[in-house]
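Descriptive analysis of the structure
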Amino acid sequence: MIDVRVLHKTQFVSPEELPCLVLPLFDEPLSAFSSLIERADASTLERLCERDVISSKAQEVYLLPTPLSRLRNVLLLGLGNREKFNAEILRRAAGKACALLEKNRIGAVVFDASLESNFPLHAFVEAAVLGQYSYDRYKSQDQSQPPKVALREITILCDVSADVAGLRRRCEQVLIACDSANWARDLASMPPNDLTPTRLAELAKEMAKQGHLSCEIIDEDHMAKLGMNAILGVARGSEQRANLMVLRYESPGAKRTLAVVGKGVTFDTGGISIKPSESMHEMKYDMSGAAAVLGAMRAIAALKPAINIIALAPAVENMPGANAQRPGDIVKAYNGKTIEVLNTDAEGRLVLADALAYAVDKFKPDCIVDLATLTGACVTALGHYAAGVTATDDALYEALCRASDVSGERIWRLPLWEDYDKLIEGTHADLANIGPRGEAGSIIGGCFLKHFVGDTPWAHLDIAGAAWGGKNISYLRDKDASGFGVRLLTQWILDQAEAPV
Ligand code: BES
Ligand code: ZN
Ligand code: ZN
């Protein structure tokens, strides 16, 4: 973990040598420069800015060596127009900055934000933790390259009027949330031959043990007794045994309980309705919903908010084995509703059906949120830059929006008009698991799930696009899973613990 210090400017004792000073740069005439810069360096920088060699455009970043002073480098973070500035702009500029620091093998920085008030300093820390992540566990070490120098020390200097204790707490929170997001990214990227449903449950158990969370793994026999035939139907085609993970965080005296549910399909071939082979390998990420709720629980275990949380994640592999479920099969879910499985590739909603119905029946949460890589249609609608949301409760959606504004993980609501309900009426069962081809695919997914949450306020986040595949988000490497949802859920839970809405 990165060591982050937050200090009032006056508390900072400058060391003999300062490897790098980071400065924010807005699109406005420079009125003052950090007092940590020596006069000669400051005037050089001023000239470079005046001559537009250095631009203050958002996300333009410069690393300038200042070899004649005890300060070795200055890193300027272009943040653009002050009116348009927000935490995401800082996060993206900082993501670029961290890449520059890595290239230049700089392991410690001092970020002087003492001339700014109300500055979202935590966003710099987030970008540093998320931006240094890459999934290389399965790669052999390149012996010809020197080992990387990681950014391990961030000292943040703030204005004397700033609430240092509050800023420190905020930085600690984001360190934990981002570390857990990286943990979830590891899970999501693990190859599906290693990350089987059983292995996923073992890793969840290990995490729960470390965080002192309770963890129950419901196996196939138990699921059969409980009537979770929708999960079992999906599991039939695989040699791997399915399970349902149930993790609990309890805060003594807390009155409210929130439930989070994540789709944990460790690999989705489509089953008998098999997928084209071209991008099938990406279906190892089909457990990103489960990774997100487990990651959030990991963060919650460390942050200890005053609220109860239940996390459920059905883990299953969708394979076309000889015993696989067929298109046309009818299964009865935990809540007694019958489902005509017209397409075995729409398996996410089947596994969530049982998990959601069980969660509301058994734990009676005040509200429930699920995350799932549910539909390709969501990627068509929003690309990789937002999760699609269907929700039965406006206040819940708005609370999620507030958390999303803070975390920078975007969400976008889709409607649940009654007209869509008609489209998934079953011919020989209560429900069909798909609607008409090419029509409102992501909404139909949400519409189906709505049948399994009863009256509990509910929101479904389709993270099919957001879980991986985003490009040019500087603090997330293009090729890695994003860990989408961990920070958003953590923030939402912290908010709920503070002021329930
Ligand atoms: N896991 C997929 C959804 C998916 C596709 C996520 C591409 C990310 C990228 C899901 O199980 C699925 O296959 N859904 C089907 C539903 C359809 C049959 C109604 C889909 O989107 O094609
Ligand atoms: Zn599928
Ligand atoms: Zn799937």
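Rules of the game
- Residues numbered from 1 in each chain as written.
- Chains lettered and ligands numbered in written order.
- Predicted model: local features only at pLDDT ≥ 70, side-chain atom pairs only at ≥ 80, totals over all residues.
- Heavy atoms only, no water.
- Buried < 20%, exposed > 50% of the residue type's maximum accessible area, 1.4 Å probe, protein only.
- Helix = DSSP H or I, 4+ residues; strand = E, 2+ residues; numbered from the N terminus.
- Pairing = 2+ DSSP bridges.
- Donors = N, O, S within 2.8 Å, 3.2 Å for Na, K, Ca; no water.
- Contact = heavy atoms within 4.5 Å.
- Near = heavy atom within 4 Å.
- Polar contact = N/O pair within 3.5 Å; in protein donor to acceptor, adjacent residues only side chain to side chain.
- Areas by Shrake-Rupley, 256 points an atom, 1.4 Å probe, with all protein chains shown as cover.
- 1 Å grid on protein atoms, 1.4 Å probe; cavity = no way out; pocket = protein on both sides within 12 Å on 5 of 7 lines; lining within 4 Å.
- Sits in = over half its atoms within 2 Å of the grid points.
- Tetrahedral: all angles 85-135°; square planar, octahedral: opposite > 155°, others 65-115°.
- Domains from an automatic or database assignment.
- Buried area = accessible area lost by both parts, 1.4 Å probe.
- Salt bridge = Lys/Arg side-chain N within 4 Å of Asp/Glu carboxyl O.
- Core = buried A, V, L, I, M, F, W, Y, C linked by side-chain atoms within 4.5 Å.
- Points joined across faces, edges and corners; volume = space filled by probe spheres on them.
- Nonpolar A, V, L, I, M, F, W, Y, C, P; charged D, E, K, R; others polar.

1. Describing the pairing of strand E14 (residues 367–372)
The side chains of a regular strand alternate between the sheet's two faces. Counting buried residues along E14, six of its six residues qualify, which places the element largely inside the surrounding structure. With burial as the criterion, each face of E14 is covered, one bearing Cys367, Val369 and Leu371 and the other bearing Ile368, Asp370 and Ala372. In this structure, strand E9 (residues 257–262) lies alongside E14, joined through five bridges in parallel fashion. Within E14, the position partnered with Val261 by the bridge is Asp370.

2. Here we look at the coordination of the zinc ion (ligand 2)
Every protein donor of the zinc ion (ligand 2) is listed here as Asp268 (OD), Asp345 (O), Asp345 (OD) and Glu347 (OE), and their distances to the metal cover 2.0 to 2.2 Å. Between the zinc ion (ligand 2) and the zinc ion (ligand 3), the interatomic distance is 3.2 Å, and Asp268 donates to each metal, bridging them. Note that Asp268 is positioned in strand E10 (residues 264–268) and Glu347 in the loop between strand E13 (338–340) and helix H9 (348–363), a separation of 79 residues in sequence. Take Asp268 and Glu347: they sit in the same class, and that class is buried.

3. Focus on the environment of Leu115
Tracing the backbone shows Leu115 in the loop between strand E5 (108–112) and helix H3 (122–131). Under the relative-accessibility criterion, Leu115 is labelled exposed at 56%. Sequence separation between Leu115 and Leu414 is 299 residues; the distance between their C-alpha atoms is 42 Å. With residues up to four places along the chain from it excluded, the contact list for Leu115 reads Ala32, Phe33 and Ser34.

4. Some points on H3
Since the α-helix packs 3.6 residues into each turn, any two residues three or four apart lie on the same face. The buried fraction of H3 amounts to ten of the ten residues, a majority that puts the element mostly inside the structure. Residues of H3 that are buried include every one of His122, Ala123, Phe124, Val125, Glu126, Ala127, Ala128, Val129, Leu130 and Gly131, and no others.

5. Observations regarding the sheet that holds strand E12 (residues 330–332)
An order of E12-E13-E17 is seen for the three strands of this open sheet, with the pairing classed as mixed. Both edges of this open sheet fall to E12 and strand E17 (431–432), since each of them pairs with a single strand only. Inspection of the sheet shows E13 paired to E17 by two bridges, in the parallel sense. Its bridge partner lying in E17, Glu340 is registered against Ala432.

6. Quick word on the site of ligand 1
Contacts to ligand 1 come from 16 residues, most closely from Lys275, Asp286, Asp345, Glu347 and Gly376. The contact in question runs from an oxygen atom of ligand 1 to an N or O atom on the side chain of Lys275, over 2.7 Å. Taking Thr373, its main chain carries an N or O atom lying 3.3 Å from a nitrogen atom of ligand 1. Expressed as a share of its isolated accessible area of 510 Å², the protein-covered part of ligand 1 is 78%. Under a 2 Å grid-point criterion requiring more than half of the atoms, the pocket assigned to ligand 1 is the largest pocket.

7. Brief notes about the coordination of the zinc ion (ligand 3)
At the metal site, the zinc ion (ligand 3) is ligated by Lys263 (NZ), Asp268 (OD), Asp286 (OD) and Glu347 (OE), and these contacts range over 2.0 to 2.4 Å. Each of the six donor atoms bound to the zinc ion (ligand 3) contributes to angles spanning 77 to 173°, and the resulting shape is octahedral. Mapped onto the sequence, the donors of the zinc ion (ligand 3) take the spacing K-x4-D-x17-D-x60-E.

8. As for the domain arrangement of the protein
Partitioning the protein into structural domains gives domain 1 (3–135 + 147–162) and domain 2 (190–498). Distance from the C-alpha centre of domain 1 to the C-alpha centre of domain 2: 39 Å. Contact with domain 1, which involves 16 residues of that partner, is made by 14 residues of domain 2. Between domain 1 and domain 2 lies a buried interface of about 1,200 Å² when both sides are counted; carbon and sulfur atoms form 45% of it. Its largest share of buried area at the contact with domain 2, domain 1 owes to Arg92, Leu130 and Tyr135, together 42% of the area lost on that side. For the pair domain 1 and domain 2, the number of links is two salt bridges.

9. Let's talk about the pattern of salt bridges
Applying the stated rule across the entire model yields 24 salt bridges. In this structure, the salt-bridge partner of Glu88 is Arg92, at a minimum N-O distance of 2.7 Å. With Glu88 and Arg92 both in helix H2 (residues 87–103) and four residues apart, this pair spans about one turn of that helix. Accessibility classification places Glu88 together with Arg92 in one group, the buried group. The partner of Glu126 in a salt bridge is Arg487, and the shortest N-O contact between them spans 3.1 Å. Linking Glu126 in helix H3 with Arg487 in helix H14 (residues 486–498), this pair joins segments that are 361 residues apart in sequence. Under the relative-accessibility criterion, Glu126 is labelled buried at 4%. Under the relative-accessibility criterion, Arg487 is labelled buried at 7%.

10. Overview of the nonpolar core
Formed by 111 residues in total, the largest nonpolar core has its most connected members in Leu77, Phe111, Val369, Leu461 and Trp492. For this core, the element with the highest residue contribution is helix H4 (residues 164–189), accounting for eleven residues. Counting residues domain by domain, this core receives three or more from each of domain 1 (3–135 + 147–162) and domain 2 (190–498). Among residues more than four places away in sequence, those in contact with Phe111 are Val22, Leu23, Pro24, Leu77, Leu90, Phe119, Leu121, Phe124, Thr155, Ile156 and Leu157.

11. What to know about the layout of surface pockets
Roughly 1,400 Å³ of internal volume is contained in the largest pocket. Along its surface, the largest pocket is lined by 49 residues, and Lys275, Met283, Thr375, Gly376 and Val379 are the ones closest to its centre. For the lining of the largest pocket, the secondary structure elements donating two or more residues are helix H10 (376–382) and helix H13 (441–449). The greatest single-element share of the lining of the largest pocket, amounting to three residues, is contributed by H10. Of the residues in the lining of the largest pocket, the class split is 17 nonpolar, 13 polar and 19 charged. Size it by volume and the second largest pocket reaches roughly 820 Å³. As for the second largest pocket, its lining consists of 27 residues, of which Gln132, Tyr133, Ser134, Asp136 and Lys148 are closest to the centre.

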